[in-house]
Amino acid sequence: MKPNPPRWCVLIPCLNEEAAIEQVVQSALALNVPVIVVDDGSDDRTPEIVGALPVTLLRHPQRRGKGEALRHGFREALRQGFDAVVTMDGDGQHLASDVPRIVAAAQRYPDHIVIGARLLEREQQPKGRRRANAVADWGISWGCGLPVADTQSGQRWYPRAALELVDLPAENFVFEAAILIAACREKGLGVVSVPIASRYHGSFRLSHFSPVRDVVRITAYTFGRVVHYGRIVDSYRRSHDTPPVVIDDEGLLAIETGEPARASR
């Protein structure tokens, strides 16, 4: 007898996204799953726009950072009894049309985080952002003890075991790195990636992510976790001697041939 498929929802943290948020939320609703939106203290029309849509809207009276927005959304998803969430940013860079492939990968690989990795049309990425992402991938993979593609992507499938890490002491963009590392090291989860397009050109607002400030914060946190878990050289080898696992049924990238690795605890 097959187990029941996991109950999941879409979680969208947002801050001052009045130009894009309605289209993002409507596209998520078209997936016919519940949607949770966390407004992180917007001072534009974002909460008014979202409030008119059939979603769960959580609001922060003041800005508390992306980490706290995700944490608030994770708690609400757990409260509502969901087994997993798919996160999407509110600025339109993530497409709901990519979500079915992410969910399919999650069904193929239960007990894994699935990342929508921006591996297609990478020439759209600004050079500074591409370098910052490469540094983050190098370090966070080491922290995880296994190779991970696009550790900075905000489009992810988080299974319940990852959601239960909601109380990790990490803030802002560091929280997403902390979840990846702890999920691999402490929950024994694997990580697989599904390629999506890089979307930086067009009407997107300037990113809230700082390639210098936030990369420094993430790097400092990650180095601390590498030291904490020990076996530093072994962790480095396991995370860098093989490529990340990337799944693409359309053959756009190399398709994985075996089971994804798991990190040693």
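Going by the structure above, here's the rest.
Structural notes, computed from the coordinates. Throughout this document, residue positions are counted from 1 along each chain, in the order its sequence is written. Local features in this predicted model are restricted to residues of pLDDT 70 or higher, and side-chain atom pairs are both shown and tallied only at a pLDDT of 80 or more, whereas totals for entire chains, interfaces and linings draw on every residue. As a convention, hydrogens and water are excluded, and side-chain values are obtained from all of the structure's heavy atoms.

Brief notes about the pairing of strand β6 (residues 156-159)
Here's step 1: Residues Arg 156 and Tyr 158 line one face of β6 and the alternating positions Trp 157 and Pro 159 line the opposite face, and both faces are buried.
Here's step 2: At least two bridges found by DSSP between two strands is the condition for calling them paired. Secondary structure follows DSSP: runs of H or I at least 4 residues long count as helices, runs of E at least 2 residues long count as strands, and numbering of each begins at the N terminus. Inspection of the sheet shows strand β4 (residues 84-87) paired to β6 by 4 bridges, in the antiparallel sense. Opposite Ala 84, over in β6, you have Pro 159 as the bridge partner.
Here's step 3: Both strand β5 (residues 112-120) and β6 contribute to a ladder of 2 bridges, which runs antiparallel. Note that in β6 the partner of Val 114 across the bridge is Trp 157. Throughout this description, buried means an accessible area under 20% of the type-specific maximum (1.4 Å probe, protein chains only), exposed means over 50%, and partly exposed covers the range between.

With respect to the nonpolar core
Here's step 1: For this analysis, a nonpolar core means a set of buried residues of the types Ala, Val, Leu, Ile, Met, Phe, Trp, Tyr and Cys, connected via side-chain atoms within 4.5 Å. Formed by 44 residues in total, the largest nonpolar core has its most connected members in Phe 74 and Ile 113.
Here's step 2: Those elements giving two or more residues to this core turn out to be β1 (8-14), β2 (35-39), α3 (66-79), β5, α5 (127-144), α6 (160-163), α7 (174-186) and α8 (213-229).
Here's step 3: Contacts were defined at the residue level, with two residues in contact if any of their heavy atoms lie within 4.5 Å. Beyond its immediate chain neighbours, meaning those up to four positions away, Phe 74 contacts Leu 11, Val 85, Thr 87, Tyr 158, Leu 163, Val 166, Phe 175 and Ile 179.
Here's step 4: Within the second largest apolar cluster, 33 residues are counted, among which are Cys 14, Ala 28, Val 35 and Val 194.

Let's talk about α3
Here's step 1: Every helix has an expected span of 1.5 Å times one less than the residues it contains. Helix length check: α3 (14 residues) gives 20 Å between terminal C-alpha atoms against 20 Å at 1.5 Å per residue, within 8%.
Here's step 2: Of all 14 residues that make up α3, 10 are buried, and the element is covered over most of its length.
Here's step 3: Within the sequence span of α3, burial applies to Lys 66, Gly 67, Glu 68, Ala 69, Leu 70, Arg 71, Gly 73, Phe 74, Glu 76 and Ala 77.

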